[in-house]
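# Report on the structure
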Amino acid sequence: MEQQENTQELSEILRVRRDKLAALKKEGRDPYEITTFDKTHSSVDIIGNFDALEGSTVSVAGRIISKRVMGKASFFHIMDGRGKIQIYARRDVMGDEPYAEYKRFDIGDIVGVTGEVFKTNAGEISVKSHEVVLLSKSLLPLPEKWHGLKDTDLRYRQRYVDLIVNPDVKDTFYARSKIIKGIRDFLDEQGYIEVETPVLQPSAGGATARPFITHHNTLDIDMYLRIATELHLKRLIVGGFERVYEIGRIFRNEGMDPKHNPEFTTVELYQAYTDYKGMMDLCEKLFRYCAKQVSGSDVITYQGTQINLGAPWKRLTMNDAVKEYAGVDFAACKTDEEARALAKQAGIAFEGEPSRGMLLNEAFEQKVEENLIQPTFICDYPIEVSPLAKKKPGSDWLVERFELFITGRELANAFSELNDPDDQRARFMDQVAKREAGDDEANMMDEDFVTALEYAMPPTGGMGIGVDRMVMLLTDCFSIRDVLLFPTMKPKSE
């Protein structure tokens, strides 16, 4: 019964707003025909510089978010891009007709106001309006009364509404912009050059992931949305660039959860004449730099836990991490059979007959990853899960690779890049065999990339950082959807 009454009341509000718009158009005052408004100040400008602006005439613009009419005088607040400010309207200042017209404005309408900066008796910095112009008519009421402010599905589907009724959400995206700018500033200062590589590719490579497939009609070939920028960036290292990076969208046809969205942003960077240890040093400095840009400190709080980005970050081999948290030493195993028996004994779940390297990786994911709260580099990965990384000298089963973990989540991945073309071809062939056996996340063969390596690529360190996860960490957001303006959503069923 209550829902029916709310629906009827909402329908009446919609009818009234439509009628107001029709009346304006009939009078030749269609608000949608207004093309510009000479806005001189923002809300934060006025509030932050009140002493200098008091008594001055200013023009502000924004959305009406509250309104209090008291006969001959009224108060309302408008919200602009960075905050809100109170507007004081008096009939004897504005004139009878303009004041009467103003009283008919609705919450949600966008207006332009010209008036004098002053402070009310209650101490609130305000603008005493001389003129209020309707710039755009809101035909739908703001949702707080009808849908509530905590409907996360509505917030993500209609981010434009979320930004209106939850203005603090903007802070996350201002911070995101500052973080991305910080990444660029930091890398530019280090001598890196920003480049752009293809999003549409004839084969999907550079990561272990299922790609999105599309079709190019003119060429009559299937193409793939990129799952990484790695292989093209390394071609540029071959070509003579010594420090390159790209910030861009990546697409992976995978599930969605608080850490994953099918399209996301990464920064990948490659530097000639260094290795994964050089990338570790760079990674620490980059995270500290961005943290200070956003919060002014390298000690942050994430979901109630203090994270120290300033202290020297812990470095553990994957095998030592598994020994520490699961009590299993796969490096001591001589055969895959011995490793499988050890894994069973430790309660590590697996299927089929995985190799020692695959079991080490499984043990890490099942027993270790969630425990890595403070910044930790996990180093020296099995070759089976690292087809693009250089072998660790003296080892036939490990490569020079690290991943960065903070708050139990992976935030960065780096290698000493494989530059042996014969080894790379052999690893691609191994990936192709896995793909033919049904693993649609295995790497595809990229003959042109092997050709590039045959022209010789210098020793190179490379790293990829999940920008969305970095933003989540530095803005204390639990879900990736909170740092994406328009996250992927399942279509609403009618």
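Just so it is clear, the structure is predicted and the values come from calculations on it, not from any experiment.

## What about the UniProt feature "binding site: Mg(2+) 2" (unreviewed entry) in the chain?
- Under the present numbering, the feature "binding site: Mg(2+) 2" (unreviewed entry) in UniProt falls on E410.
- For E410, the location among the structural elements is in strand β17 (residues 409–416).
- Owing to a relative accessible area of 26%, E410 belongs among the partly exposed residues under this scheme.
- With near-sequence residues (within four places) excluded, E410 lies in contact with E403, L404, F405 and R469.

## Observations regarding the UniProt feature "binding site: Mg(2+) 1" (unreviewed entry) in the chain
- UniProt annotation of "binding site: Mg(2+) 1" (unreviewed entry) refers to E403 and E410 when read in the numbering used here.
- By the secondary structure assignment, E403 is in strand β16 (residues 398–406).
- E403 sits in the buried class, given a relative accessible area of 9%.
- Residues within four places of E403 in sequence aside, it is in contact with T376, F377, I378, Y381, E410, A412 and N413.

## Details of the sheet that holds strand β7 (residues 200–201)
- Ordered by their spatial adjacency, 3 strands build an open sheet running β7-β9-β8, and the pairing between neighbours is antiparallel. Pairing within the sheet leaves two strands with one partner each, and these edge strands are β7 and β8 (213–216).

## Considering the pattern of salt bridges
- Counted according to the given criterion, the structure contains 35 salt bridges.
- A salt bridge links R17 to D106, with the shortest nitrogen-to-oxygen separation between them at 3.9 Å. Of this pair, R17 sits in helix α1 (residues 2–26) while D106 sits in the loop between α5 (96–103) and β4 (110–119), placing them 89 residues apart in sequence.
- Of the residues examined, R17 reaches a relative accessible area of 7% and is grouped as buried.
- For E101, the salt bridge is made with R29, and the minimal N-O distance between the two is 3.4 Å.

## Remarks on the domain arrangement of the chain
- Partitioning the chain into domains gives domain 1 (1–142) and domain 2 (165–313 + 374–482).
- Relative to domain 2, the C-alpha centre of domain 1 lies at a distance of 47 Å.
- Taking both sides of the interface into account, the surface hidden between domain 1 and domain 2 amounts to around 340 Å²; carbon and sulfur atoms contribute 62%.
- It is M79, G81 and R82 that lose the most area in domain 1 upon contact with domain 2, and together they represent 81% of the buried surface on that side.
- A per-class count over the side of domain 1 that touches domain 2 returns 2 nonpolar, 1 polar and 2 charged.

Criteria and cut-off values
Residues numbered from 1 in each chain as written. Predicted model: local features only at pLDDT ≥ 70, side-chain atom pairs only at ≥ 80, totals over all residues. Heavy atoms only, no water. UniProt positions renumbered as here; feature names shortened; annotations may be inferred. Helix = DSSP H or I, 4+ residues; strand = E, 2+ residues; numbered from the N terminus. Buried < 20%, exposed > 50% of the residue type's maximum accessible area, 1.4 Å probe, protein only. Contact = heavy atoms within 4.5 Å. Pairing = 2+ DSSP bridges. Salt bridge = Lys/Arg side-chain N within 4 Å of Asp/Glu carboxyl O. Domains from an automatic or database assignment. Buried area = accessible area lost by both parts, 1.4 Å probe. Nonpolar A, V, L, I, M, F, W, Y, C, P; charged D, E, K, R; others polar.

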